[in-house]
Amino acid sequence: MAFYIARRLLATVPVLFVLSVIVFLIIYLIPGDPAAVMLGDGASPETIEALREQLGLNLPLLPQYARWVGHAFQGNLGDSFFMRQPVSEALAEHLGPTFSLAVLAEIVAVAVAVPLGIRAASRQGSLSDKALTGFSLFGITVPGFVLSMFTVLLFSVQLKWLPVSGYKPLSDGLWTHLKYLILPAVSLGIVQAALLARVTRASMLEAMNESFVKTALAKGVSERGIVYKHVLRNALLPILTVVGGSFGTLIAGAAVIESIFNIPGMRQMLVNSVQRRDYAVIQGVVLFVAFAYVLVNLVVDLLYAAVDPRIRLK
């Protein structure tokens with residue numbers, strides 16, 4: 001197992017290098033002088049030159065990259081020109097809401113999708129199987145922001161059970177924290193659950209056709225025991241892949257939902273920074289999200305080996 005972990009860690013090194021180059025070059029992908037774009041049309045040439053000097057834009061490209069990577073390794077992602085604070089501090093302030101929302105939405109997705117997928121596969125062609133198909137089509141076709149508006153209208157405006165928008169940190173109490181996140185988490189989780197339920201059903205059906213199921217039936221193992229002890233374990237790899245991908249997606253891109261519910265998360269900060277051309281924040285957020293994706297995929301790879309020991313030998 002240690003060799004497998006070391007091999008997977010080494011495999012992430014070139015990925016991280018390529019990601020760092022792409023993120024560094026973001027500042028040059030937008031036409032024009034980055035310093036002039038940040039300061040606007042009314043800035044004097046002296047002010048623009050001073051900002052170029054401050055950002056290190058007068059250096060050749062390779063020394064700029066080396067300097068930027070060196071600072072990033074030390075946790076220094078630069079300073080926000082508009083927020084007047086280090087990017088790492090701004091990230092830390094906005095990461096909590098985004099992470100809480102992503103975790104809760106993923107819990108909703110798994111809690112809804114996996115039992116539905118197992119039930120549908122166990123009763124192929126039944127009413128529950130057809131209901132899953134309808135649910136999947138609904139989740140895939142209805143955008144998250146439309147679903148969020150319906151949930152706000154029903155649970156906040158009509159029933160007045162949950163707040164319309166806003167965010168409270170965990171330090172204000174668990175229920176206070178959760179009640180502000182339930183509606184956005186459900187809106188995000190249902191969309192992710194649609195795909196996960198279909199993958200769970202398909203993986204379960206494929207595993208059910210294996211010969212070990214017939215052997216277990218011949219030995220008198222109950223249907224419930226076959227499904228949960230044997231079939232589910234063999235169907236886990238595709239399910240883990242989709243769960244990992246959906247969690248990365250939740251961390252990276254739910255800016256619309258954060259805007260609708262006025263959650264001060266990382267994605268809302270990214271959108272604001274793009275509008276203001278705050279390049280240091282854009283680079284910092286994109287770099288963090290890319291690293292988060294790599295980390296999630298690494299964890300999924302390690303879970304593969306834990307679920308199926310044969311993978312360690314490949």
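The rules we used
- Residues numbered from 1 in each chain as written.
- Predicted model: local features only at pLDDT ≥ 70, side-chain atom pairs only at ≥ 80, totals over all residues.
- Heavy atoms only, no water.
- UniProt positions renumbered as here; feature names shortened; annotations may be inferred.
- Helix = DSSP H or I, 4+ residues; strand = E, 2+ residues; numbered from the N terminus.
- Buried < 20%, exposed > 50% of the residue type's maximum accessible area, 1.4 Å probe, protein only.
- Salt bridge = Lys/Arg side-chain N within 4 Å of Asp/Glu carboxyl O.
- Phe/Tyr/Trp six-rings, centres within 6.5 Å; stacked < 30°, edge-to-face > 60°.
- Patch = residues over 30% accessible without salt bridge, like charges linked within 9 Å, V, L, I, M, F, W, Y side chains within 5 Å.
- Areas by Shrake-Rupley, 256 points an atom, 1.4 Å probe, with all protein chains shown as cover.
- Core = buried A, V, L, I, M, F, W, Y, C linked by side-chain atoms within 4.5 Å.
- Contact = heavy atoms within 4.5 Å.

Looking at an unreviewed UniProt entry, one finds the protein chain named ABC transporter permease, with Cohnella hashimotonis as its source organism. Its UniProt record gives the protein chain a comment under Subcellular location (unreviewed entry), which states: "Cell membrane". The Sequence similarities (unreviewed entry) field of the UniProt record for the protein chain holds the comment "Belongs to the binding-protein-dependent transport system permease family."

Engineer: Could you give an account of the environment of Pro 309, with specific residues and numbers?
Structural biologist: Here Pro 309 lies in the segment after helix H16 (279–307). Judged by its relative accessible area of 41%, Pro 309 falls in the partly exposed class. C-alpha of Pro 309 to C-alpha of Met 204: the two residues are 105 residues apart in sequence and 20 Å apart in space.

Engineer: Can you explain the pattern of salt bridges? Please cite residues and give values.
Structural biologist: Under the defined criterion, the tally for this structure stands at three salt bridges. A salt bridge links Arg 123 to Glu 223, with the shortest nitrogen-to-oxygen separation between them at 2.9 Å. Taken together, the positions of Arg 123 in the loop between helix H6 (87–122) and helix H7 (127–141) and Glu 223 in helix H12 (residues 223–234) put the pair 100 residues apart, joining distant regions of the chain. For the salt bridge of Arg 201 with Asp 129, the shortest nitrogen-to-oxygen distance reads 2.7 Å. You can see Arg 201 sitting in helix H10 (residues 182–208) and its partner Asp 129 sitting in helix H7, a full 72 residues away along the chain.

Engineer: So what's going on with the packing of aromatic side chains? Which residues, and what values?
Structural biologist: The tally for this structure, following the rule as stated, stands at six aromatic pairs. Ring geometry for Phe 17 versus Tyr 65: centroids 6.5 Å apart, planes at 85°, classification edge-to-face. Placement of Phe 17 in helix H1 (residues 2–24) and of Tyr 65 in helix H5 (residues 61–73) is noted, with a sequence separation of 48 residues between them. On the basis of relative accessible area, Tyr 65 is assigned to the buried category, the value being 16%. Judged by centre distance (5.2 Å) and plane angle (85°), the rings of Phe 81 and Phe 82 are edge-to-face.

Engineer: Account for unusual backbone geometry, with residues named and values stated.
Structural biologist: Phi at Lys 160 is positive, roughly 60°, even though this residue is not glycine. Assignment of secondary structure puts Lys 160 in the loop between helix H8 (144–158) and helix H9 (174–179). Relative accessible area serves as the criterion here: at 65%, Lys 160 is assigned to the exposed category. Phi at Asn 262 takes a positive value of approximately 55°, unusual for a residue other than glycine. On the basis of relative accessibility, which here comes to 47%, the residue Asn 262 falls in the partly exposed class.

Engineer: I'd like a description of the UniProt feature "transmembrane region" (unreviewed entry) in the protein chain, backed by residues and values.
Structural biologist: The UniProt record annotates "transmembrane region" (unreviewed entry) at residues 9–30, 99–120, 132–157, 177–197, 235–261 and 281–307. As annotated, residues 99–120 comprises 100% helix and 0% strand, and the C-alpha atoms at either end are separated by 31 Å.

Engineer: If you had to explain a nonpolar patch on the surface to someone new, which residues and values would you point to?
Structural biologist: A contiguous nonpolar surface patch, about 340 Å² in accessible area, is contributed by Phe 145, Met 149, Val 256 and Ile 260. Following the sequence through the fold, Val 256 ends up in helix H14 (residues 255–260).

Engineer: So what's going on with the nonpolar core? Which residues, and what values?
Structural biologist: Of all hydrophobic cores here, the largest spans 45 residues; its most connected members are Trp 68, Leu 91, Leu 188, Met 266, Met 269 and Val 285. Broken down by element, this core gets its largest block of residues, twelve residues, from H16. Filtering out sequence-adjacent residues up to four positions away, Leu 91 remains in contact with Leu 77, Met 266, Met 269, Gly 284, Val 285 and Phe 288. Core analysis: the next-biggest nonpolar cluster, separate from the first, contains 26 residues, Leu 132, Ile 190, Ala 193 and Leu 232 among them.

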